[in-house]
Amino acid sequence: MKRLLIFFLLLAVASSVFVWQLPASIVAGFLPIEATRFVQLHRITGTLWRGNALFSAMGVSPTLSLAWRCQPSILPLGARCTLSESVTGVAQVNFLSGELTADKLTAVLPVQVGGGAAFMAESPRVALDISSLSINATSLAISGSVRAESVRYAFGQAPIALGEVTADCKPDVAAAMSRCSISNRGGNARLDGQLTLTPRKAGGTLELTPSGAPAQRITF
């Protein structure tokens, strides 16, 4: 009986050490597949519980750093992590349900989308202020705002200055999605739009009215 008890104690210690030393590269495997449509991790180093990576997210090049320190959680079974460096906040992953939640996410990032002759949008400074986020296989709920400075936009034409562009997002609980209203201030054109975010895609309508020119509408 004593030998059996010692065996189980040694097994528990070995298992704990193994879990605690799990490589950080498996973090990508724990992210809900829906979250990877918006965020990807690169050059992951460290362990599952304390590591670093470069990330890209919807137009952000993978040159921005992300660090995390995590503690395991029992209810729900998963991990609760404190994020730092380019993005700060608190995130929790539920291993059983495949849900990712986050609170008080903040970041300041440069963003460039497109870049070709047909379509381009860029800003040297985009401030992210998300009070809460929840994403799983069937729903995406975001509460917060995104503010981009000195935005330039082009759609088969010379770039147009839009000044400061703001997107304010709120969850639509009944539809299990989030809706964002988009507007601008300054620049030499008016921008209005609505964006719908689901776990699988982003869609909406943007209407751009350059000074002294007819309005242009884009639906995607």
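Further up the page is the structure itself.
Residues numbered from 1 in each chain as written. Predicted model: local features only at pLDDT ≥ 70, side-chain atom pairs only at ≥ 80, totals over all residues. Heavy atoms only, no water.

(A) Region of interest: the pairing of strand 10 (residues 177-185). Looking at chain direction, strand 9 (residues 160-172) and strand 10 are connected through nine bridges and run antiparallel. By the bridge assignment for strand 10, Asp172 is matched with Met177. Hairpin connection, strand 9 to strand 10: the antiparallel pair is bridged by four residues, and Ala176 has positive phi, about 55 degrees. Relative to strand 11 (residues 189-197), strand 10 runs antiparallel, the two being bridged by six bridges. Following the sheet pairing, Ser183 is matched in strand 11 by Asp192. (Pairing = 2+ DSSP bridges. Helix = DSSP H or I, 4+ residues; strand = E, 2+ residues; numbered from the N terminus.)

(B) Structural context of the state of the cysteines. One pass over the full model with this rule turns up two disulfides. At a sulfur-sulfur separation of 2.0 Å, the disulfide partner of Cys70 is Cys81. Taking the torsion about the sulfur-sulfur bond, which here is approximately 105 degrees, the covalent link between Cys70 and Cys81 counts as right-handed. Here Cys70, found in strand 3 (residues 60-73), pairs with Cys81, found in strand 4 (residues 78-85); they are 11 residues apart in sequence, far enough to count as distant. Accessibility classification places Cys70 together with Cys81 in one group, the buried group. (Disulfide = S-S within 2.5 Å. Buried < 20%, exposed > 50% of the residue type's maximum accessible area, 1.4 Å probe, protein only.)

(C) Here's a closer look at the environment of Gly203. Locating Gly203 in the fold gives a position in strand 12 (residues 202-210). For the pair Gly203 and Arg179, spaced 24 residues apart in the sequence, the C-alpha separation amounts to 9.8 Å.

(D) Structural detail: the pattern of salt bridges. All chains considered together, the criterion is met by six salt bridges. Between Arg152 and Glu122 there is a salt bridge; the shortest N-O distance is 2.6 Å. Remark: Glu122 occurs in strand 7 (residues 119-135) and Arg152 occurs in strand 8 (residues 140-155); sequence separation between them is 30 residues. One salt bridge connects Asp192 with Arg190, and the closest N-O pair in it is separated by 2.7 Å. (Salt bridge = Lys/Arg side-chain N within 4 Å of Asp/Glu carboxyl O.)

(E) The pairing of strand 12, seen in detail. Pairing of strand 11 with strand 12 involves nine bridges; the strand directions are antiparallel. Each bridged residue has a counterpart across the sheet, and for Gly193 the counterpart in strand 12 is Leu206. Remark: four residues form the turn of the hairpin made by strand 11 and strand 12, two consecutive strands paired antiparallel. The pairing of strand 12 with strand 13 (residues 216-219) spans four bridges and is classified as antiparallel.

(F) Molecular detail of unusual backbone geometry. Between Leu75 and Pro76 the backbone carries a cis peptide bond, its omega angle lying at 0 degrees. Structurally, Pro76 can be placed in the loop between strand 3 and strand 4. Its identity as a non-glycine residue notwithstanding, Lys104 has a phi of 55 degrees, on the positive side. Residue placement: Lys104 occurs in strand 6 (residues 99-114). Of the residues examined, Lys104 reaches a relative accessible area of 67% and is grouped as exposed. At Ser150, a position not held by glycine, the phi torsion is positive, near 50 degrees. Secondary-structure assignment places Ser150 in strand 8.

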